[in-house]
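Each chain, letter by letter, is given below.
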Amino acid sequence: MTELTDSLPVRVEGLEINVMHDGVVIYQHDHKKIHYLNHTAGLVLELCDGRHKVEELAAIVAETYGLAQSPHDDIITCLQDLRTKELIR
Amino acid sequence: MLAGFTDQGVDPLTCSETIRILATQFRITSNIPELIERLAYVTQRAEQDLPVLEHCEISVRREDGEYRISGGDGKKDEFELSLSTAFEAMFGRLHDLAMRHFADHIRIHAASGFGRNGMVLLVGEKWSGKTTTAVHLLLEGFEIVGDELVLLRHGQAVTFPRPFYLRHSAIDLLPKLGGITNGAPFVHSEATGKLIAIDPIKLGRHWRIRSAPVRTVVFLEPNHGGTSSMSVCSKVEMVRRVLGQSSAPSSGRTDWVADFCSTMNQADTVIARMGDLASATDLFRRLLS
């Protein structure tokens, strides 16, 4: 977790991000794989440009969704999931 | 008698049939009258509002105890040892040649029809009742045009024309079919059992294949023995479900998932739990009117 907290996560190349009314469909061209994300995970993925640390991602998500508390732990879980899916590094 | 020909020599091509499949007009010639009769028996007669882009000559000849299938640009001759396998090979060739003009299209395994100024797709897993539902709706006056394959590109869909193949066991569920299935063409296989070929024209319906935007996507779930119901399905969930019943364009077009997602985003997406067909009729009438 510490490793993720201090990292600057970045999306892998070759992702096609399709924003739907109720979520996001990601097509990974290289692997011909399709992933289904909710809007929050889709937003986190879009923000993974190598310039935002976890704290900053949490702040942006909190502001976007009007959250009173920082969703720090949820962002960590989300990043772990995105990494497992090989969508970020 | 001409030199080189004997009484057992090559017969002239004696009969022919013309078939339209989407943008291709086929002329099939054969020295086997039985093959042409069989062809007329199982092919569709749908009106097709697409421009003819290609005329194609196919021949099937019996020669020296085997069957030669030839014709179609870039296609090698094929040889078969029985009329049945020759017929299948010829049909496969027609399908391949017709599909060459739709290489950029996503293939969706779905029944299809028209409603709300566009196309409605009925998608579902195997045994979900797509054909039974399609034939039922056809009998109830809906404009249903296919039970098997839809081709999609840039939000526009077109139905691959073929007769509806209804499981023999489903006939009892569709009393309005009356005696139409008596003597109707059928195919039989280990996997599916007996399938009756249903021609919408013989049911008194206007059968017109045309391209149209996809307005409604219905995913069928069986609810045998229960009543039918419908609920809205999320777009992402519908993408996941329908992609499982779809194939990427054979051309390798890379933007096909975006195309697919855009189509689902713009359509009404509904899950139909299919119980009794009578209650389903009203639900579909409300959905598509």
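Criteria and thresholds
Residues numbered from 1 in each chain as written. Chains lettered and ligands numbered in written order. Predicted model: local features only at pLDDT ≥ 70, side-chain atom pairs only at ≥ 80, totals over all residues. Helix = DSSP H or I, 4+ residues; strand = E, 2+ residues; numbered from the N terminus. Rg over C-alpha atoms; globule rule 2.2 N^0.38 Å. Buried ≥ 20, exposed ≤ 12 C-beta atoms within 10 Å, placed from the backbone. Contact = placed C-beta atoms within 7 Å. Pairing = 2+ DSSP bridges. Nonpolar A, V, L, I, M, F, W, Y, C, P; charged D, E, K, R; others polar. Core = buried A, V, L, I, M, F, W, Y, C linked by C-beta atoms within 7 Å. Domains from an automatic or database assignment. Axes fitted to C-alpha atoms, helices over the stretch in contact; angles between N-to-C directions. Parallel < 35°, antiparallel > 145°, perpendicular 65-115°, else oblique. Left-handed = near helix turned anticlockwise from the far one by under 90°. pLDDT = per-residue confidence, 0-100. Expected span 1.5 Å × (residues − 1). Arc of directions from axis to C-beta.

**Examining the overall build of chain A**
Thought 1: On a plain count of helices and strands, chain A comes out with four helices and three strands.
Thought 2: Its helices and strands taken in sequence order, chain A reads α-β-β-β-α-α-α from the N to the C terminus.
Thought 3: A globule of 89 residues ought to have a C-alpha radius of gyration of about 12 Å, and chain A, at 13 Å, matches this closely.
Thought 4: The dimensions of chain A, computed from C-alpha atoms along their principal axes, are 35 × 30 × 20 Å.
Thought 5: Here chain A holds 89 residues, and the buried ones make up 27% of them.
Thought 6: In chain A, of all internal contacts separated by at least 6 residues, the share reaching a separation of at least 24 is 46%.

**Points about the pairing of strand E7 (residues 106-115) of chain B**
All names here are of chain B.
Thought 1: With four bridges connecting them, E7 and strand E10 (residues 149-153) associate as antiparallel partners. Bridge pairing links Ile106 to Leu152 in E10.
Thought 2: Summarising the sheet, E7 and strand E18 (residues 246-247) pair through two bridges and their orientation is antiparallel. Residue pairing in the sheet places Ile108 in a bridge with Ser246 of E18.
Thought 3: Connecting the antiparallel pair E7 and strand E8 (residues 118-124) is a turn made up of two residues, with Arg116 showing a positive phi of about 55 degrees.
Thought 4: As defined by bridge partners, E7 adjoins strand E9 (residues 143-146) across three bridges and the pair is classed as antiparallel. Bridge pairing in E9 links Ser112 to Gly146.

**So, the interface of chain B and chain A**
Thought 1: At the junction of the two partners, chain B supplies eleven residues and chain A supplies eleven residues.
Thought 2: Secondary structure elements with two or more residues in the side of chain B that touches chain A: helix H4 (235-243) and helix H5 (256-266) of chain B.
Thought 3: Per-element accounting of the side of chain B that touches chain A gives the leading share, five residues, to H4 of chain B.
Thought 4: When grouped by side-chain class, the residues that make up the side of chain B that touches chain A number six nonpolar, three polar and two charged.

**Concerning the nonpolar core**
Thought 1: By size, the foremost hydrophobic cluster in this structure holds 87 residues, and its most contacted members are Val25 and Val44 of chain A together with Leu121, Leu122, Val123, Val217 and Val239 of chain B.
Thought 2: Looking at this core, the element that brings in the most residues is helix H2 (residues 83-99) of chain B, giving six residues.
Thought 3: Both domains that furnish three or more residues to this core are identified here as domain 1 (15-102) and domain 2 (106-288) of chain B.
Thought 4: Ignoring anything within four residues of it in the chain, the contact list for Val217 of chain B reads Leu121, Val123, Met238, Val242, Met264, Ala267 and Thr269 of chain B.

**Remarks on the sheet that holds strand E3 (residues 33-37) of chain A**
Backbone hydrogen bonds hold the strands of a sheet together, and the pairing may be parallel or antiparallel.
Thought 1: The strand order E1-E2-E3 (chain A) describes an open sheet built from three strands, whose pairing is antiparallel. Edge positions in the sheet fall to strand E1 (15-20) and E3 of chain A, since each of these pairs with one other strand and no more. Sheet twist, expressed as the average angle between the axes of neighbouring strands with direction ignored, equals 20 degrees.
Thought 2: On top of the sheet, H5 of chain B reaches E1, strand E2 (23-28) and E3 of chain A; it is set at about 5 degrees to E1 of chain A, its chief contact.

**Focus: the sheet that holds strand E1 (residues 15-21) of chain B**
Residues and elements named next belong to chain B.
Thought 1: Pairing in this open sheet of five strands is mixed, and the strands run E1-E2-E4-E5-E6 from one edge to the other. Since the sheet does not close on itself, it has two edges, and those belong to E1 and strand E6 (78-80), each with one partner. With strand direction ignored, the average angle separating the axes of adjacent strands in the sheet is 20 degrees.
Thought 2: Strand direction decides the pairing type here: strand E5 (residues 66-70) and E6, joined by three bridges, are antiparallel. In the sheet register, Tyr67 faces E6, and the bridge partner there is Glu80.
Thought 3: Packing of helix H1 (residues 33-42) onto the sheet brings it into contact with E1, strand E2 (24-30) and strand E4 (54-63), and relative to E1 it is tilted by some 30 degrees.

**Observations concerning the domain arrangement of chain B**
All names here are of chain B.
Thought 1: Domain boundaries in chain B define domain 1 (15-102) and domain 2 (106-288).
Thought 2: If you look at the interface, domain 1 gives twelve residues, while domain 2 gives 14 residues.
Thought 3: Taken together, the elements giving at least two residues each to the side of domain 1 that touches domain 2 come down to H1 and strand E3 (47-48).
Thought 4: Residues that form the side of domain 1 that touches domain 2 fall into these classes: seven nonpolar, two polar and three charged.

**Concerning the packing of helix H3 (residues 54-65) of chain A against helix H4 (residues 72-84) of chain A**
Between two packed helices, the angle of one axis relative to the other and the distance separating the axes together describe the packing.
Residue and element names in this part refer to chain A.
Thought 1: In contact at an axis separation of 9 Å, H3 and H4 are set at 110 degrees when each is read in the N-to-C sense. As the angle between them shows, H3 and H4 are arranged roughly perpendicular. At the point where H3 passes H4, the crossing takes the right-handed sense. On H4, the residues touching Val54, Leu57, Ala58 and Val61 of H3 are His72, Ile75, Ile76 and Leu79.
Thought 2: When grouped by side-chain class, the residues that make up the contact of H3 with H4 number seven nonpolar, one polar and no charged.

**Structural notes on the confidence of the model for chain B**
Thought 1: Counting all residues, the mean pLDDT for chain B is 92, and 96% of those residues have values of 70 or more.
Thought 2: Predicted confidence for residues 1-9 of chain B stays below pLDDT 50, and this span has zero contacts to residues more than four positions away or in other chains.

**Thoughts on H2 of chain B**
Residue and element names in this part refer to chain B.
Thought 1: Between the first and last C-alpha of H2 there are 24 Å, a value that for 17 residues agrees with the 24 Å anticipated at 1.5 Å per step.
Thought 2: What H2 keeps buried is the set Ala86, Phe87, Met90, Arg93, Leu94, Leu97 and Ala98. One face of H2 carries all of its buried residues, which in axial projection span an arc of 125 degrees. Of the residues in H2, the exposed ones pointing more than 90 degrees away from the buried face are Ser84, Gly92 and Asp96.
Thought 3: Buried-residue contacts for H2 involve E1, E2, H1, E4, E5 and E6.

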